[in-house]
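Here's the letter readout for the chains.
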Amino acid sequence: MSPDVLFGFHAVKTTLKYDATRIHKLLIIADRKDERIGQVIEMANQLNITIERCNRKVLDDLTKRAVHQGVALLCEPIQAKDEAYLDHLLDKIAANKDQPAFLLILDGVTDPHNLGACIRSADAAGVHAVIAPKNNSAPLNATVSKVACGAVDVLPYVQVTNLARTMLQLQQRGIWIAGTSGEAKQDVYQADLQGPLAIVMGAEGKGIRRLTQEHCDFLLKIPMSGEVSSLNVSVATGVCLYEAVRQRRVL
């Protein structure tokens, strides 16, 4: 399996800080010697990570001419967590009575850019984990990591074999599941999003699958006032998560 290429200062520094064990090498443009590069080099030196100076074309080719900011990492591909990890995490969350479970479920999000943006919003909102089915979901890759600005290194992304069964297990642990649907009778601002909660977001256009919707405790929608009928899934995710954050702050 070829290594992932992570690039950009934020993604590189986050990986160095939280997930350095999967790093093979740090690549830096040869003629760049400013303070930001110095900070990255210092972090890599403290971790005994190999540093290679290269010309811009090398990074341009590795990153397919993306905005790499003159810095990149060659890493082992990041791995999604499994059901056993999720069970352990839920036990840990349950032991903390001051912070109820807060989860994001993505059903059918296959675009890496959307997945990365959803993970970034989830991390910012304080979500404990992002859950998705193994089939018909975007894999973790360098694009996801770049768009997520390093959040994939700190926020667990759990892929499960049977999403409906996992949702049932969450409910058995006292976690309420809110599904999103344009056909819902209440909007996100009317729904009670306090307490142990998982919010389900579906793919653009299709939304969450019928079986997934049937396993939700209640449905909610985002009110739409303009001509468009829906939002990009990552934008919709941010709206729903931060309404939950607002409500949970008054607990």
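Values in this document were obtained by computation on a predicted structure and should not be read as measured data.

Some remarks on the overall build of the protein
Working step 1: Scanning the protein for helices and strands turns up nine helices and 10 strands.
Working step 2: Projected onto the principal axes, the alpha-carbon positions of the protein cover approximately 60 × 45 × 35 Å.
Working step 3: Taking all 251 residues of the protein together, 49% fall into the buried category.
Working step 4: Surface accessibility of the protein: about 12900 Å² in total, with carbon and sulfur atoms responsible for 49%.

A short note on a nonpolar patch on the surface
Working step 1: There is a patch of nonpolar side chains on the surface, built from M224, V228, L231 and V235 and spanning about 310 Å² of accessible area.
Working step 2: Judged by its relative accessible area of 32%, L231 falls in the partly exposed class.

Focus on helix α9 (residues 233-248)
Each α-helix winds once per 3.6 residues, and so residues spaced three or four apart point in a common direction.
Working step 1: Here α9 contains 16 residues, and its C-alpha end-to-end distance of 22 Å stays within 8% of the 22 Å for a straight helix at 1.5 Å per residue.
Working step 2: Three or more residues of α9 are buried, namely V233, S234, A236, T237, G238, C240, L241, E243, A244, V245, Q247 and R248.
Working step 3: Taken together, the buried residues of α9 touch β5 (102-107), α5 (112-125), β8 (176-180), β9 (197-202) and β10 (218-220).

What about the packing of aromatic side chains?
Working step 1: Counted under the stated rule, the structure contains zero aromatic pairs.
Working step 2: Across the ring face of Y85, the terminal group of K81 is positioned such that the distance to the ring centre comes to 5.0 Å.
Working step 3: Positioned above the aromatic ring of F102 is the side chain of R248, whose terminal nitrogen or guanidinium carbon lies 4.4 Å from the ring centre.

Quick word on helix α4 (residues 83-95)
Working step 1: A rise of 1.5 Å per residue sets the reference length of α4, with its 13 residues, at 18 Å; its end C-alpha atoms lie 19 Å apart and thus fit the reference within 8%.
Working step 2: In this structure, the buried side of α4 is in contact with β5, β6 (129-133), β7 (157-160) and α7 (163-172).

Some words on the sheet that holds strand β3 (residues 51-54)
Working step 1: On the basis of which strands lie adjacent, the open sheet formed by four strands has the order β1-β4-β2-β3 and mixed pairing. Of all the strands in the sheet, the pair left with one neighbour each is β1 (4-7) and β3. Sheet twist, expressed as the average angle between the axes of neighbouring strands with direction ignored, equals 25°.
Working step 2: Both strand β2 (residues 23-29) and β3 contribute to a ladder of four bridges, which runs parallel. Each bridged residue has a counterpart across the sheet, and for L26 the counterpart in β3 is I51.
Working step 3: Each of β2, β3 and β4 (71-75) is contacted by helix α2 (residues 35-46), which is oriented at about 145° to β3, the strand it contacts most.

Quick look at unusual backbone geometry
Residues other than glycine predominantly adopt negative phi, and peptide bonds predominantly adopt the trans conformation.
Working step 1: Positive phi is not limited to glycine here, since N48 has a value of about 55°.
Working step 2: Mapping N48 onto the fold places it in the loop between α2 and β3.
Working step 3: Although it is not a glycine, R65 adopts a positive phi angle of roughly 65°.
Working step 4: Position of R65 among the secondary structure elements: in the loop between α3 (56-62) and β4.

Reading the values: the criteria
Residues numbered from 1 in each chain as written. Predicted model: local features only at pLDDT ≥ 70, side-chain atom pairs only at ≥ 80, totals over all residues. Heavy atoms only, no water. Helix = DSSP H or I, 4+ residues; strand = E, 2+ residues; numbered from the N terminus. Buried < 20%, exposed > 50% of the residue type's maximum accessible area, 1.4 Å probe, protein only. Areas by Shrake-Rupley, 256 points an atom, 1.4 Å probe, with all protein chains shown as cover. Patch = residues over 30% accessible without salt bridge, like charges linked within 9 Å, V, L, I, M, F, W, Y side chains within 5 Å. Salt bridge = Lys/Arg side-chain N within 4 Å of Asp/Glu carboxyl O. Expected span 1.5 Å × (residues − 1). Contact = heavy atoms within 4.5 Å. Phe/Tyr/Trp six-rings, centres within 6.5 Å; stacked < 30°, edge-to-face > 60°. Lys NZ or Arg CZ within 6 Å of the ring centre and 35° of its normal. Pairing = 2+ DSSP bridges. Axes fitted to C-alpha atoms, helices over the stretch in contact; angles between N-to-C directions.

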